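Chain residues, written in single-letter form:
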Amino acid sequence: MKLLLALRSLLYLVFLAVTVVPYALACLIWAPLPLHWRYRLTVGWPRLAIWGAKAFCGIRWQVRGWENLPDGPAILLSKHQSAWETLYFPAHMPREVCFVYKRELHWVPCFGWGLALLRMIPIDRSRGRDAFEQVVRQGQRRLNEGRWPLLFPEGTRIAPGKAGRFKMGGALLASRTGAVVIPIAHNAGECWPRNAFVKQPGLITVSIGPAIESQGKSPDDLNREVQAWIEGEMRRLNPERYGSE
């Protein structure tokens, strides 16, 4: 069984490698197109990657709370467990999402090229405190364009059953822009663990929470409310991970 899972994961890795190179070259070809078209064409590869995870590795997915997504400005704050959700969100959200990420990713061959052309929210961490002001300025522009900024408050991938410290960036951005926050929990790490070559077949549940108003709340209170909903939902998704807590 372990050998079969390893073989399926290897085939999936080859599939990703074979498809990302021509897709990256295609991104350069359609770079002159309007942003909306560039985005729709470019996220075809993450959509292909999500399909491939199902076809090769047996990773299926379902969504709860789809009706909680608003028809208007919003900031998405999500649990972060694996690479799977970074592919899923741009491929399947009803609006264009904009990741907040370090600008150095633009130099990653193939992947970084496509990312750079999507005009998301890259930040220069060397600028210290001004890096957050970059997020606010660019985040407001993206909201005005009808796009949804998406942040992972924990900052890095956290193993299932664990919780990282929720950083303030997403809550501060919401407080400064007045946009509602959409908290998102999921258990992608059960199938696609951090830094794991072998992917496990199974069903990933993406749970989208009710909108949380940012106006009239301090960033600290907003951050605590988001964390409470996400971590509470994680316990409902995989109660076995939390024992008798």
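To keep things clear, this report deals only with the structure shown in the data block. The structure presented is a predicted model; accordingly, all values stated were derived computationally and were not measured.

Side chains of M1, L4, L7, L10, L11, L13, V14, V18 and F197 sit close together on the surface and give an oily, nonpolar patch of about 870 Å² of accessible area. Structurally, L4 is set in helix α1 (residues 2–29).

A word on the pattern of salt bridges. Scanning all chains against the criterion turns up 12 salt bridges. A salt bridge links E145 to R119; the nearest nitrogen and oxygen atoms lie 3.6 Å apart. On the criterion of sequence distance, the pair formed by E145 in the loop between α6 (130–144) and β5 (148–151) and R119 in the loop between α5 (111–116) and β4 (121–123) is long-range, its members being 26 residues apart. Judged by its relative accessible area of 37%, E145 is partly exposed. Between R142 and E145 there is a salt bridge, and its shortest N-O distance comes to 3.2 Å. For R142, a relative accessible area of 6% translates into the label buried. Overlapping salt bridges, with partners in common, bring together E96, R119, R142, E145 and R147 in one network.

On to the state of the cysteines. By definition, a disulfide links two cysteine residues through a covalent bond between their sulfur atoms. Throughout the structure, instances matching the rule amount to zero disulfides. C57 takes part in no disulfide bond, and the closest cysteine sulfur, belonging to C191, lies 9.7 Å away.

Thresholds, definitions, all that
- Residues numbered from 1 in each chain as written.
- Predicted model: local features only at pLDDT ≥ 70, side-chain atom pairs only at ≥ 80, totals over all residues.
- Heavy atoms only, no water.
- Patch = residues over 30% accessible without salt bridge, like charges linked within 9 Å, V, L, I, M, F, W, Y side chains within 5 Å.
- Areas by Shrake-Rupley, 256 points an atom, 1.4 Å probe, with all protein chains shown as cover.
- Salt bridge = Lys/Arg side-chain N within 4 Å of Asp/Glu carboxyl O.
- Helix = DSSP H or I, 4+ residues; strand = E, 2+ residues; numbered from the N terminus.
- Buried < 20%, exposed > 50% of the residue type's maximum accessible area, 1.4 Å probe, protein only.
- Disulfide = S-S within 2.5 Å.

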